[in-house]
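Examination of the molecular architecture
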Amino acid sequence: MSLRCNRNPTYGSQKKPFLLSSTSPESVSILPYMAVPVDVDDRINELEARLAATKAQLRDLSTMGAVITSIHEIDSVLSVVMDMAIRLVDGEVGLIMLEEAGELTHKISWGVDEKLVRSVSFKDGLDLPSYCFKACETVILNELGIKADNGPTIDSIICLPIHSAEKRHGVMVILNKAEGNRFGVDDREALEMLLSFVAVAMDNSLLMKDRLNQQKVEQEMAIARQIQETILPQDVDSIPGVEIGAVYTPARQVGGDFYNILRLDDWRFVIVLGDVSNKGVPAALVMAAASGIISSLLSDDPAISVAELARRLNDLMIQDIIKDREMFVSLFFARFDLHELRITYCNAGHLPGLFWDSENQKVMELSTGGPIVGQFPKTVFQQGERQLKSGDRLFIFTDGLTEATDIAGTLFGRPRTEDVFRSLVDLPPKEFCFTIKERVDRFAQGASEETRDDFTVFLVKVK
């Protein structure tokens, strides 16, 4: 929507106009018209002088416009403009106020404070700058004679809105034309032309800031993506004795989910699935730190239990990474020993994993563990254990699966997740993961993008 401002100034005066009076209508006499001789050469010289002055002013305004629109820092623009404006109309003092959060705020002043200017009341119960800004109307007041306490006398004011076609930026106020003269139409037109350049410069400055902020966000997202790509394993097919499938889909450019597979030897490996509470670069850095600490702890002590792994990770994250920040990580740890055919697991504040017992054809929930990682120091975690047989499967996932919603706002939910797991359990792990992703996509078709979260599913099948 374009902002349309009143291009015609409001003029006013605090003094009453001088009125002619007579004792009776008969006392008024009409004098005959008398021609006044005019020197044609003097008149021509006067017009030429005024034309030359107008051309000079236009050149100055053009130069000013080029200077103003070339400056991209708003504070620097305002300082230059205030000087130009006062010189342009022979004003004494002035100030510029800009809109911030719906209110006019003093930004720059030359010889006058905001309190004095706001002391001039105008219409609708508003002070002059507020009226000028809200009405988007130039106001000229002459012959005021307002004497401020311990301050200057205000004889004349010109107040103009600073605006572009789409946005009102603020107002400019100039007090007291030099030598007691009055502000007039020429002053208004010159200042409005100057302020049109200012509005363009301010629009450009805001656009540049938005562009720079967008570039900053894009750079941060690119960094976060690179960090995340280094964490996610590229090859999940290299472990003998098991089949592994995984699907990871971030809701936006960068997600908060991550998973990793850490081989200890030919028979043993650890799987970690995590979800960081934040997004973007902060989440990526916490994700990288958690992954790095887990790898380091396993490298130093390959026999470490998953409960002890969670405990030490928690304390290190609190002490050195998360500290007092309101961030946390939910994690599911699973340690496979294919020599002893055993899995130990620890659920650290994450969604419980699902285990398919191939012998009994049952789905079991793996919930033993403790709270989230990164918020509660010196937490003791527990671990669960199950024996492994050929055909057993471990299915772990993040809340992007269970909290997916349909167009009516219904959650996919955990019961439906278990039913799908049970119905598709015979599929190869990779096919299973892609199939469940397709089902969730169909379920969520038509739902708002804002309801979608990072989606990660991970399935391990014992051969």
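No experiment lies behind these values; they were computed from the predicted model shown. (Residues numbered from 1 in each chain as written. Predicted model: local features only at pLDDT ≥ 70, side-chain atom pairs only at ≥ 80, totals over all residues. Heavy atoms only, no water.)

Glancing now at the pattern of salt bridges. Note that side chains of opposite charge can pair when their charged atoms are close. A full pass over the atoms with the stated rule returns 23 salt bridges. One salt bridge in this structure joins Glu-365 and Arg-414, with 3.0 Å as the shortest N-O distance. Here Glu-365, found in strand E15 (residues 362–366), pairs with Arg-414, found in helix H9 (residues 414–423); they are 49 residues apart in sequence, far enough to count as distant. Among the ionic contacts, a cluster of salt bridges with common partners joins Asp-357, Arg-386, Lys-389 and Asp-392. (Salt bridge = Lys/Arg side-chain N within 4 Å of Asp/Glu carboxyl O. Helix = DSSP H or I, 4+ residues; strand = E, 2+ residues; numbered from the N terminus.)

Turning to the packing of H9 against helix H10 (residues 429–443), a few remarks are in order. Running from N to C, H9 and H10 cross one another at 140°; their axes reach a closest spacing of 11 Å. Taken together, the axis directions place H9 and H10 in an arrangement best described as oblique. Note that H9 runs across H10; the crossing there is right-handed. Where H9 approaches H10, its residues Arg-416, Val-420, Phe-421 and Ser-423 are matched on the opposing element by Phe-432, Ile-436, Arg-439 and Phe-443. For the contact of H9 with H10, the class distribution of residues is 5 nonpolar, 1 polar and 2 charged. (Axes fitted to C-alpha atoms, helices over the stretch in contact; angles between N-to-C directions. Parallel < 35°, antiparallel > 145°, perpendicular 65-115°, else oblique. Left-handed = near helix turned anticlockwise from the far one by under 90°. Contact = heavy atoms within 4.5 Å. Nonpolar A, V, L, I, M, F, W, Y, C, P; charged D, E, K, R; others polar.)

This next bit is on the side chain of Thr-344. Relative to the helices and strands, Thr-344 resides in strand E13 (residues 342–348). The buried category is assigned to Thr-344, whose relative accessible area is 8%. When sequence neighbours within four positions are dropped, the list of residues in contact with Thr-344 reads Val-306, Phe-333, Ala-334, Arg-335, Gln-383, Gly-384 and Glu-385. (Buried < 20%, exposed > 50% of the residue type's maximum accessible area, 1.4 Å probe, protein only.)

A word on the packing of aromatic side chains. Tallied over the full model, the rule gives 9 aromatic pairs. Ring geometry for Phe-269 against Phe-336: centres 4.8 Å apart, planes inclined by 5°, an arrangement best described as stacked. Linking Phe-269 in strand E11 (residues 268–276) with Phe-336 in strand E12 (residues 329–337), this pair joins segments that are 67 residues apart in sequence. Classification of Phe-269 as buried rests on a relative accessible area of 1%. A relative accessible area of 1% places Phe-336 in the buried class. Taking the centre distance of 5.2 Å and the plane angle of 85° together, the rings of Phe-412 and Phe-443 count as edge-to-face. Here Phe-412, found in the loop between helix H8 (399–402) and H9, pairs with Phe-443, found in helix H10; they are 31 residues apart in sequence, far enough to count as distant. In this pair, the class of Phe-412 matches that of Phe-443, namely buried. Through pairs of rings, three or more aromatic residues link up here, namely Phe-395, Phe-397, Phe-421 and Phe-432. Its guanidinium or amino end placed over the ring of Phe-412, Arg-416 lies 5.4 Å from that ring's centre, counting from NZ or CZ. (Phe/Tyr/Trp six-rings, centres within 6.5 Å; stacked < 30°, edge-to-face > 60°. Lys NZ or Arg CZ within 6 Å of the ring centre and 35° of its normal.)

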